[in-house]
Amino acid sequence: STVITVEEGSRGGFGAQVLHYLADEDLIDNGLKVKTLAFPDVFIDQDKPERMYEHAGVSAPSIVAAALKALGVPVINEKTLIRA
């Protein structure tokens, strides 16, 4: 099984809470794959939301690529996964 969290905040928010819960319930020890996606802790210039999401790695193609990678599916070019 795989769990992916996505948040507009920085690290230490929702994804961290999910990780704590999974660890407390001993779910990670049984092969559960977990990937947390959040904005990096860097300044991102103001731009259109979709460009900011792309820069932060939380755009729709980035999320699909993370999901496929977690499932063991190779991704050659994440920009071709979803077209706007």
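The notes below deal with the structure included here. (Residues numbered from 1 in each chain as written. Predicted model: local features only at pLDDT ≥ 70, side-chain atom pairs only at ≥ 80, totals over all residues. Heavy atoms only, no water.)

### Let's talk about the packing of aromatic side chains
So, point 1. Evaluation of the coordinates by the stated rule reveals one aromatic pair.
So, point 2. When the centroid spacing of 6.0 Å and the interplanar angle of 80° are considered together, the rings of Phe 39 and Tyr 53 count as edge-to-face. Of this pair, Phe 39 sits in strand E2 (residues 33-39) while Tyr 53 sits in helix H2 (residues 49-56), and the two are 14 residues apart along the sequence.
So, point 3. Look at Phe 39 and you get buried, because its relative accessible area is 13%. (Phe/Tyr/Trp six-rings, centres within 6.5 Å; stacked < 30°, edge-to-face > 60°. Helix = DSSP H or I, 4+ residues; strand = E, 2+ residues; numbered from the N terminus. Buried < 20%, exposed > 50% of the residue type's maximum accessible area, 1.4 Å probe, protein only.)

### Some remarks on a negative patch on the surface
So, point 1. Taken together, the side chains of Asp 24, Glu 25, Asp 26 and Asp 29 present a region of like negative charge at the surface.
So, point 2. Relative to the assigned elements, Glu 25 resides in the loop between helix H1 (14-24) and E2.
So, point 3. Owing to a relative accessible area of 44%, Glu 25 belongs among the partly exposed residues under this scheme. (Patch = residues over 30% accessible without salt bridge, like charges linked within 9 Å, V, L, I, M, F, W, Y side chains within 5 Å. Areas by Shrake-Rupley, 256 points an atom, 1.4 Å probe, with all protein chains shown as cover. Salt bridge = Lys/Arg side-chain N within 4 Å of Asp/Glu carboxyl O. Lys, Arg positive; Asp, Glu negative; His and termini not counted. Charge placed at Lys NZ, Arg CZ, Asp CG, Glu CD.)

Remember, this is a structural readout, not a statement about activity or role.
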